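# Fold and geometry: a report
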Amino acid sequence: MTLPFDHQRRHWSAGLAVVLAAALVVLALPARADAPRGFLETVKRHVTLTSTVPDNGDQNPYALVVAPVSAGKIQKDDVLVDNFNNISNLQGLGTTIVHYNPSTKKTELFAKLPHNLPQCPGGVGLTTAMTMLKTGWVIVGSLPSNDGTTRTRGNGCLLVLDSNGQLVDTWTGPDINGPWGNMAVIDNGTSATLFISMAGFDLPGPQVRDPSSGYPITLHKATVMRIELTIPPGKPPTIQNKTVIGSGFSARADKGDFLLGPTGLAIAPDHTLYVSDALDNRIDAISDATTRTTSAGTGQEITKDGLLSHPLALMILPNGHLLSCNAWNGQVVEIDPLAHKQIYAQWIDNNQAQSPPGNGDLFGIAMRPDGKAFYYVEDDMNTIVESR
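A short tour of the structure in this document, coming up. Computed from a prediction, not measured in an experiment: that's the story for all the values here.

### Looking at the side chain of Ser-197
Looking at where Ser-197 falls in the secondary structure, it is placed in strand S11 (residues 191-198). In terms of polar contacts, Ser-197 uses its side chain to reach the backbone amide nitrogen of Gly-181, at 2.9 Å. A polar contact is formed between the side chain of Ser-197 and the backbone oxygen of Pro-262, at a distance of 2.8 Å. Apart from residues lying up to four places away in sequence, Ser-197 is in contact with Gly-178, Pro-179, Trp-180, Gly-181, Thr-223, Val-224, Pro-262 and Leu-265.

See below:
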């Protein structure tokens, strides 16, 4: 599809204008037809890199993070992935993080936590909320369960691990309830700011139904929190301040998907935080995310429906566009957030075992450090895949 071509009209002679206009069309239209409108149109291949299943059999890879530094077990540019399910495929019981080295092509266990961790309300079930800081500390969210559903969920916590995968601290509190969405991070070395969605507030089990719809009840209590950290030399990060900057997002228990809620977070250079509002099938924007002192509610709607099909993880591309993976098909969608337009969609998981293909397979995504490709996980195959 070509972009619109806007001829400039000038007060020249009619004959000359016709000749110039014809020449411009001949020269310009083929170039525009061949030129990509965005990043996704340059992606041609999808290559499976490794399995994410460790020795204990954990499944369902969720978060995906590219290491910013070499520290402990981790080499710079390693890919870290955590698992949400255990060997019995029960959600909210996964306790492991693996790391893949793109240079050596080796995959190793980074961390294995006990499910019954007393410091974390309800125990450990690792979510899409994970990051690695420039100082080597790894922070990951837990939203645990004992039966694979939200009926037995705990409030969870944020876990702080050192670069060798050892637990060093646990963050809890009344405002930390079901840390769920992939983190957006501003990392200055001695300080850092995290943005995390919290989807667990008052969420019942999937057996509690809305009598009017027949679905599990939808609550509008999910939040987005900004957590400001100080990182002393050689010591774990400490929380200096917590602020709820977004609220009123939809969340709902689901037997097959554990829960549905705000999942993707991406912070832009102008300090706008983009949030994928999965249940309402839209992307929202929270302005002044790094400085605001009050909640923006659900923010401003950037785009809705169209190519989106329950958007999950978000990331910002080198061209300033957003990339969001769909939960309900195997596509990723490229979005121009400033123009409020969806640009393009590409199938990156066309597994015909699901309907539509790739339904429920995509979760974490992250840019390759050179900006020319991206990594993603396929939870149906328990693999890391590279699109390039």
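Let's pick the thread back up.
### Some thoughts on the pattern of salt bridges
Under the definition given, this model contains 11 salt bridges. With a shortest N-O distance of 3.0 Å, Lys-242 and Asp-175 are connected by a salt bridge. Taken together, the residues Lys-242 in strand S13 (residues 238-254) and Asp-175 in the loop between strand S9 (167-171) and strand S10 (184-187) connect sequence positions 67 residues apart. Between Glu-386 and Arg-368 there is a salt bridge, with the nearest N and O atoms lying 3.3 Å from each other. With Glu-386 in strand S25 (residues 383-387) and Arg-368 in the loop between strand S23 (362-367) and strand S24 (374-378), this pair connects stretches of sequence that are 18 residues apart. The buried category is assigned to Glu-386, whose relative accessible area is 6%.

### Focus on the state of the cysteines
Enumeration over the complete set of coordinates arrives at 1 disulfide. Note on cysteine connectivity: Cys-120 is disulfide-linked to Cys-157, with sulfurs 2.1 Å apart. Note on the Cys-120 and Cys-157 pair: the S-S dihedral is about -105°, so by sign convention the disulfide is left-handed. Here Cys-120, found in the loop between strand S5 (106-112) and strand S6 (126-132), pairs with Cys-157, found in strand S8 (residues 157-161); they are 37 residues apart in sequence, far enough to count as distant. Assigned by exposure class, Cys-120 and Cys-157 land together as buried.

### Some details on the nonpolar core
Formed by 52 residues in total, the largest nonpolar core has its most connected members in Leu-64, Trp-180, Phe-195, Val-224, Leu-273, Phe-374 and Ile-384. A total of 5 residues in this core trace back to one element, the largest contributor, which is S23. Discounting chain neighbours no more than four positions away, the residues touching Val-224 are Ile-196, Ser-197, Thr-243, Val-244, Ile-245, Gly-246, Phe-249, Leu-265, Leu-273, Val-275 and Ile-286. Within the second largest apolar cluster, 22 residues are counted, among which are Val-65, Ile-97, Leu-126 and Val-140.

### Quick word on the environment of His-115
Positionally, His-115 belongs in the loop between S5 and S6. A polar atom in the side chain of His-115 sits 3.3 Å from the backbone oxygen of Ser-145. Within the structure, the side chain of His-115 is placed 3.1 Å from the side chain of Asn-146, a separation counted as a polar contact.

### What about the side chain of Asp-284?
Positionally, Asp-284 belongs in strand S17 (residues 282-286). One polar contact links Asp-284 to Arg-282, side chain to side chain, over a distance of 3.1 Å.

### Let's talk about the packing of aromatic side chains
This model, assessed by the stated rule, comprises 8 aromatic pairs. For the pair Phe-84 and Trp-180, a centre-to-centre distance of 5.6 Å together with 75° between the ring planes defines the contact as edge-to-face. In this pair, Phe-84 is assigned in strand S3 (residues 79-85) and Trp-180 in the loop between S9 and S10, connecting sequence segments 96 residues apart. Its relative accessible area of 4% is what places Trp-180 among the buried residues. Taking the relative accessible area as the measure of exposure, Phe-84 reaches 0% and is therefore buried.

About the thresholds
- Residues numbered from 1 in each chain as written.
- Predicted model: local features only at pLDDT ≥ 70, side-chain atom pairs only at ≥ 80, totals over all residues.
- Heavy atoms only, no water.
- Helix = DSSP H or I, 4+ residues; strand = E, 2+ residues; numbered from the N terminus.
- Polar contact = N/O pair within 3.5 Å; in protein donor to acceptor, adjacent residues only side chain to side chain.
- Contact = heavy atoms within 4.5 Å.
- Salt bridge = Lys/Arg side-chain N within 4 Å of Asp/Glu carboxyl O.
- Buried < 20%, exposed > 50% of the residue type's maximum accessible area, 1.4 Å probe, protein only.
- Disulfide = S-S within 2.5 Å.
- Core = buried A, V, L, I, M, F, W, Y, C linked by side-chain atoms within 4.5 Å.
- Phe/Tyr/Trp six-rings, centres within 6.5 Å; stacked < 30°, edge-to-face > 60°.

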